[in-house]
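Commentary on secondary and tertiary structure
Each chain is listed here by its residues.
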Amino acid sequence: MKKKIAKKNQDGLDRIIQGDCVEVMNSLPEKCVDVIFADPPYNLQLANKLIRPNETVVDAVNDHWDKFDSRDEYDAFTRRWLTACRRVLKDTGTIWVIGAYHNIFRVGSIMADLGFWTLNDIIWIKTNPMPNFRGVRFANAHETLIWAKKSKEQKKYTFNYQTMKTFNDDKQMRSDWYIPLCGGNERCKVNGEKAHSTQKPEGLLRRVILASTHKGDVILDPFFGSGTTGVVARKLGRRWLGIEKEARYIRVASERIQSVKCPELSDELFAAPSRKNMEKVTMGNLLESGLIRVGDLFFSATQKHKAVVCADGGLKVGDARGSIHKMGARLEGRQSCNGWDYWWYVTPSGQLHSIDELRSIYRRDFLDVKGLSQ
């Protein structure tokens, strides 16, 4: 019997549902959520206690919900909840699944079997990982997130490229994310003990939600735990839905979410900008400003190809000339190519940078100064 926890909104969102995630998802309308973030059991199967050098016991993951009798049982469980996820995910939606070496490869294989198409694997590099106290292997300092769309044929999905670039100090966001483990005041505790053994840091969910949702989108977390997804979604103006079996976790998550103060702020502060609504910057603008010069060399990312900048803002490769887009497409044998992503330049210090960064510099140093950008 599923028990609904937290005040139910009229549209049924922004709440926690208690119950088995597969049963609950199968009871929801089809194609009703925009994004799924799943932090399933890792099936760690720890056989022994972990002892620190000072003889104290490590507070490791040994919860009953992380125990499975066999890999076959774990695989069957994984297939069930991922199948339920496919049912409720919109055809324009994406799914994020996080795991460690114990499970993520098996999960990824099953995702592929079910038709999901991987967009990226993100490596969460923990800046403060737990040491390997036995000294018999490398310290496990990262976890992997699989970001996937519903199918290979899916054309539309949300990726807020410009948002993540701005978030990353105007540099293209990479797939290695350096974020510390959840600790300090952020770590939820009950009677001085961890409320949840695998609480994820808010910084991790902030990147996931900023990258793949718009304000008002619905994000579902089928393994809600201590409620980090709901907390961050609330802070960023997204709708959310959590599913959780354990009443003790639901109490913690409900308290966390209810404590989030959300002042009335303009929707514009949460909107994800795109290249389309930014002030247009051309190669001609970069030449006029002196950010590039006639005769400068551009390179493909692998430096396999190079081109010379012409006076009209086009590029010359051998005897061929054309725009940055046409020359990139020609070299790669494609019908089209985004030249701003394809071409790179070498800085005076010898580093390779995307020419798209020059557009950001132009907007900052020229458009803002002239009062032309908003």
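Counting restarts for each chain, with residues numbered from 1 along the sequence as it is written. It should be noted that, the model being predicted, local features are given only for residues of pLDDT at least 70 and side-chain atom pairs only at 80 or more, the latter also being counted only at that level, while totals for whole chains, interfaces and linings use all residues. Calculation of side-chain values draws on the structure's entire complement of heavy atoms; hydrogens and water are dropped beforehand.

**Remarks on the sheet that holds strand 13 (residues 306–309)**
- Two strands qualify as a pair provided DSSP detects at least 2 bridges between them. Numbered from the N terminus, helices here are DSSP runs of H or I no shorter than four residues, and strands are runs of E no shorter than two. If you walk across this open sheet you meet the 6 strands as 15-14-13-12-16-17, and the pairing is antiparallel. Of all strands in the sheet, those with a lone pairing partner are strand 15 (320–322) and strand 17 (352–354), marking the two edges. Strand-to-strand twist of the sheet, defined as the mean angle between neighbouring strand axes without regard to direction, takes the value 35°.
- Alignment of strand 13 against strand 14 (residues 315–317), held across 2 bridges, turns out to be antiparallel. Across the sheet, V309 pairs through a bridge with L315, a residue of strand 14. Whenever a helix is involved, its axis is fitted only over the stretch in contact; in every case the axis is a line through C-alpha atoms, and angles between N-to-C directions fall within 0 to 180 degrees.

**What to know about the nonpolar core**
- If you look at the biggest cluster of nonpolar residues, it comprises 33 residues, and the most contacted ones within it are M25, I36, W81, L82, I95, M111 and L220.
- Considering each element in turn, this core owes the most residues, 7 residues, to helix 2 (residues 71–88).
- If you look at the next biggest cluster of nonpolar residues, it comprises 32 residues, including I16, W147, W177 and V232. In these notes, a set of buried Ala, Val, Leu, Ile, Met, Phe, Trp, Tyr and Cys residues joined through side-chain atoms within 4.5 Å is what counts as a nonpolar core. Each residue is assigned to one of three classes by its accessible area relative to the maximum for its type, calculated with a 1.4 Å probe on protein chains only: buried under 20%, partly exposed between the two thresholds, exposed over 50%.

**Considering the packing of helix 5 (residues 202–212) against helix 6 (residues 228–235)**
- Closest axis-to-axis distance for the helix 5/helix 6 pair is 9 Å, and the angle between their directions is 55°. In terms of axis orientation, helix 5 runs oblique to helix 6. For the pair helix 5 and helix 6, the crossing hand works out as right-handed. Along the contact surface, helix 5 presents E202, L205, R206 and I209, while helix 6 presents T228, T229, V231, V232, A233 and K235.
- Under the scheme applied, nonpolar residues are Ala, Val, Leu, Ile, Met, Phe, Trp, Tyr, Cys and Pro; charged residues are Asp, Glu, Lys and Arg; polar residues are all the others, including Gly. Its residues placed into classes, the contact of helix 5 with helix 6 shows 5 nonpolar, 2 polar and 3 charged. An angle below 35 degrees is treated as roughly parallel, one above 145 as roughly antiparallel, one from 65 to 115 as roughly perpendicular, and anything else as oblique. Crossing handedness: left-handed means the near helix sits turned counterclockwise from the far one by under a right angle, and right-handed means the same turn made clockwise. Here a residue-residue contact requires only that any non-hydrogen atoms of the pair lie within 4.5 Å.

**Overview of unusual backbone geometry**
- For K31, which is not glycine, the phi dihedral falls at a positive 50°.
- Along the chain, K31 turns up in the loop between helix 1 (21–27) and strand 3 (33–38).
- Look at K31 and you get partly exposed, because its relative accessible area is 41%.
- One non-glycine residue, Q303, lies in positive phi territory at about 65°.
- For Q303, the location among the structural elements is in the loop between strand 12 (297–300) and strand 13.

**Notes on the side chain of T94**
- Considering the arrangement of structural elements, one finds T94 in strand 4 (residues 89–99).
- T94 sits in the buried class, given a relative accessible area of 2%.
- Contacts of T94, omitting those with residues within four sequence positions, involve D34, V35, I36, L89, L119, W147, A148, K149, Y157 and S212.

**Quick word on the pairing of strand 10 (residues 218–221)**
- Neither face of strand 10 is open: one carries V218 and L220, the other I219 and D221, and all of them are buried.
- Sheet topology note: the strand 3/strand 10 ladder contains 2 bridges and is parallel. Bridge assignment links V35 to a residue of strand 10, and that residue is I219.
- As paired strands, strand 10 and strand 11 (residues 239–244) are joined by 4 bridges and run parallel to one another. Each residue of the ladder has a partner; that of V218, found in strand 11, is R239.
- Crossovers are marked right-handed if the path from the first strand over the helix to the second runs clockwise, as seen with the strands pointing away from the viewer. Traced from strand 10 through helix 6 to strand 11, the parallel crossover comes out right-handed.

**Looking at the pairing of strand 6 (residues 142–149)**
- Across the 8 residues of strand 6, 7 count as buried, placing the element largely inside the fold.
- Across 6 bridges, strand 4 lies against strand 6 in antiparallel orientation. If you follow I95 over to strand 6, its bridge partner there is A148.
- Summarising the sheet, strand 5 (residues 117–126) and strand 6 pair through 8 bridges and their orientation is antiparallel. From the neighbouring strand, W117 faces strand 6, where its bridge partner is K149.

**Structural notes on the packing of aromatic side chains**
- Between 30 and 60 degrees the pair is tilted, below 30 it is stacked and above 60 it is edge-to-face, where a pair is any two Phe, Tyr or Trp rings, Trp via its six-membered ring, whose centres lie within 6.5 Å. Evaluation of the coordinates by the stated rule reveals 11 aromatic pairs.
- Between F159 and Y161, the aromatic rings sit 6.3 Å apart at their centres with planes inclined by 70°, giving edge-to-face as the arrangement.
- Look at F159 and you get partly exposed, because its relative accessible area is 39%.
- Among the aromatic side chains, those forming a connected cluster through ring pairs are W96, W147, Y157, F159, Y161 and W177.
- Over the face of the ring belonging to F116 we find R86, whose NZ or CZ atom lies 4.8 Å from the ring centre.
- A ring has a charge above it when a Lys NZ or an Arg CZ is no more than 6 Å from the ring centre and no more than 35 degrees off the ring normal. Positioned above the aromatic ring of W340 is the side chain of R359, whose terminal nitrogen or guanidinium carbon lies 4.2 Å from the ring centre.

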